[in-house]
Amino acid sequence: MLRPGGYAIITSPDAPAVERDTFRCAHCGRVVFVRPGCSAADAGGWCGLEGKPVCGPCADLGSCTPLEEQLKRMEDRARFRRQLAEAA
Amino acid sequence: MGNYAADFQRTNDTTKTTGTISAPGSSPRRLSIYEIIIGSEGAVADNPFLWTIQRTTAAGTSTAVTPQALDPADAACVAVGGENHTVEPTYTASAILMNIALNQRATFRFCAAPGGEIVTPASNNAGVGFKAGVGGAVLVTVQTHFQE
């Protein structure tokens, strides 16, 4: 694929090496393996707001929550729980 | 921002995690995992494995693994590694970042391009866990390189 986000290879003594380009979902951060020649729908989806590829489950959600925002929310939740625990 | 390496080994147990890499309990930092290598050094066999890399919010109980700096000039890693878990980490439901179906005889390697890394939040004890929910009871190894 054009501008892949990564590369994966599986090597085995009994079979030819299997190589795949990968990309990171722009929403959840999942790593998606792209089979050469597969249809765009099988590879996942596309976030028009960010202009980046997303995984199938995030494409099905239909909403845009960027990875940076999701990470920020995880950090905020953890900080809030820590503050609650300290206050108790 | 330094690059670090950590490896995790255990006799595989489909109910137990092979390894975790997590932010520390205080002053956490985000981790960017850019390389993962998975294989088995056990006696050759045709066991199928299903490896899962999933977000964690607590590291569980395990044997400590100290990540090593790839550049000796870098500071010591603050992230905490663990292998051979006896108490499972707390996994975030549905937060699976990678699934790999792999034969025991095969080796898997993933290299991320800049911008394609697996990133964990800067939350206390948050990280990722590596586990094989399907697989034989053989020695397995997970090698990971990350930035923090």
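Everything below is about the structure shown above.
(A) Just the overall build of chain A, in detail. Broken down by element type, chain A carries three helices and five strands. From first element to last, N terminus to C terminus, chain A shows the α and β order β-β-β-α-β-β-α-α. Its C-alpha atoms give chain A a radius of gyration of 18 Å, more than 25% over the compact-globule value 12 Å for 88 residues. On the principal axes, the C-alpha backbone points of chain A span a range of 60 × 35 × 20 Å. Expressed as a percentage of its 88 residues, the buried residues of chain A come to 31%. Across chain A, the fraction of contacts at a sequence separation of at least 24, relative to all contacts at a separation of at least 6, is 35%. Charge-centre separation for chain A: the mean point of 12 positive side chains lies 4 Å from the mean point of 11 negative side chains.

(B) Expanded view of the overall build of chain B. If you tally the helices and strands in chain B, you get zero helices and twelve strands. Overall, chain B shows an N-to-C arrangement of helices and strands of β-β-β-β-β-β-β-β-β-β-β-β. Over its C-alpha trace chain B gives a radius of gyration of 14 Å, about what one expects of a compact globule, namely 15 Å for 148 residues. Projected onto the principal axes, the alpha-carbon positions of chain B cover approximately 40 × 30 × 25 Å. With 148 residues in all, chain B has 49% of them scored as buried. The contacts of chain B with a sequence gap of at least 6 include a subset with a gap of at least 24, amounting to 89%. Looking at chain B as shown, the accessible area adds up to about 5900 Å², and 53% of this sits on carbon and sulfur atoms. In chain B, 8 positive and 11 negative side-chain charges are present, and the distance between their average locations comes to 7 Å.

(C) How the structure looks around the sheet that holds strand β4 (residues 48-58) of chain B. Residue and element names in this part refer to chain B. In space, the six strands of this open sheet follow the order β5-β7-β2-β11-β4-β8, with antiparallel pairing throughout. Only two strands of the sheet have a single neighbouring strand rather than two, namely β5 (61-65) and β8 (90-103). Within the sheet, the average angular offset between the axes of one strand and its neighbour, ignoring direction, is 25°. As judged from the four bridges shared by strand β2 (residues 17-22) and strand β7 (residues 80-87), these two strands associate in the antiparallel manner. Along β7, the bridge assignment pairs Thr20 with Gly82.

(D) Expanded view of the interface of chain B and chain A. The interface of chain B with chain A comprises 29 residues on the first partner and 26 residues on the second. Where chain B abuts chain A, roughly 2100 Å² becomes buried across the two surfaces, and 52% of that area is made up of carbon and sulfur atoms. At the boundary of chain B and chain A, one finds three salt bridges. B:Arg105 serves as the salt-bridge partner of A:Asp14, at 3.4 Å between the closest nitrogen and oxygen. On inspection of chain B and its partner chain A, the count reaches 13 residue pairs in polar contact (both at pLDDT 80 or more). Contributions of two or more residues to the side of chain B that touches chain A are made by β8, β9 (107-112) and β10 (118-120) of chain B. Here the element with the most residues in the side of chain B that touches chain A is β8(B); it accounts for eight residues. The residue makeup of the side of chain B that touches chain A, split by class, is 16 nonpolar, eight polar and five charged. Relative to β9(B), strand β1 (residues 6-12) of chain A is paired through six bridges, and the arrangement is antiparallel.

(E) Representation of the state of the cysteines within the structure. With the rule as written, the count across this model stands at zero disulfides over all chains. Free cysteine: A:Cys58, not disulfide-bonded; nearest cysteine sulfur from A:Cys55 at 3.6 Å. Look at A:Cys58 and you get buried, because its relative accessible area is 10%. Sulfur of B:Cys77: no disulfide; nearest cysteine sulfur belongs to B:Cys111 and is 19 Å away. Judged by its relative accessible area of 17%, B:Cys77 falls in the buried class.

(F) Inspection of the packing of aromatic side chains at higher detail. Counted according to the given criterion, the structure contains four aromatic pairs over all chains. We note B:Lys131 situated over the ring of B:Tyr91; from NZ or CZ to the ring centre the distance is 3.8 Å.

(G) Focus on the nonpolar core. One finds B:Ile21, B:Ile36, B:Trp51, B:Met98, B:Ile118 and B:Phe146 to be the most contacted residues of the largest nonpolar core, which totals 33 residues. Tallying contributions element by element places strand β3 (residues 31-40) of chain B first for this core, with five residues. When neighbours within four sequence positions are excluded, B:Met98 is seen to be in contact with A:Val31, A:Phe33, B:Ile36, B:Trp51, B:Thr52, B:Ile53, B:Phe108, B:Phe110 and B:Ile118. Listed in part, the twelve residues of the second largest apolar core include A:Cys28, A:Ala43, A:Cys55 and A:Cys58.

(H) Broad picture of unusual backbone geometry. Although it is not a glycine, B:Asn84 sits at a positive phi angle of roughly 55°. Checked against the element boundaries, B:Asn84 lands in strand β7.

About the criteria used
- Residues numbered from 1 in each chain as written.
- Chains lettered and ligands numbered in written order.
- Predicted model: local features only at pLDDT ≥ 70, side-chain atom pairs only at ≥ 80, totals over all residues.
- Heavy atoms only, no water.
- Helix = DSSP H or I, 4+ residues; strand = E, 2+ residues; numbered from the N terminus.
- Rg over C-alpha atoms; globule rule 2.2 N^0.38 Å.
- Buried < 20%, exposed > 50% of the residue type's maximum accessible area, 1.4 Å probe, protein only.
- Contact = heavy atoms within 4.5 Å.
- Lys, Arg positive; Asp, Glu negative; His and termini not counted.
- Charge placed at Lys NZ, Arg CZ, Asp CG, Glu CD.
- Areas by Shrake-Rupley, 256 points an atom, 1.4 Å probe, with all protein chains shown as cover.
- Pairing = 2+ DSSP bridges.
- Axes fitted to C-alpha atoms, helices over the stretch in contact; angles between N-to-C directions.
- Buried area = accessible area lost by both parts, 1.4 Å probe.
- Salt bridge = Lys/Arg side-chain N within 4 Å of Asp/Glu carboxyl O.
- Polar contact = N/O pair within 3.5 Å; in protein donor to acceptor, adjacent residues only side chain to side chain.
- Nonpolar A, V, L, I, M, F, W, Y, C, P; charged D, E, K, R; others polar.
- Disulfide = S-S within 2.5 Å.
- Phe/Tyr/Trp six-rings, centres within 6.5 Å; stacked < 30°, edge-to-face > 60°.
- Lys NZ or Arg CZ within 6 Å of the ring centre and 35° of its normal.
- Core = buried A, V, L, I, M, F, W, Y, C linked by side-chain atoms within 4.5 Å.

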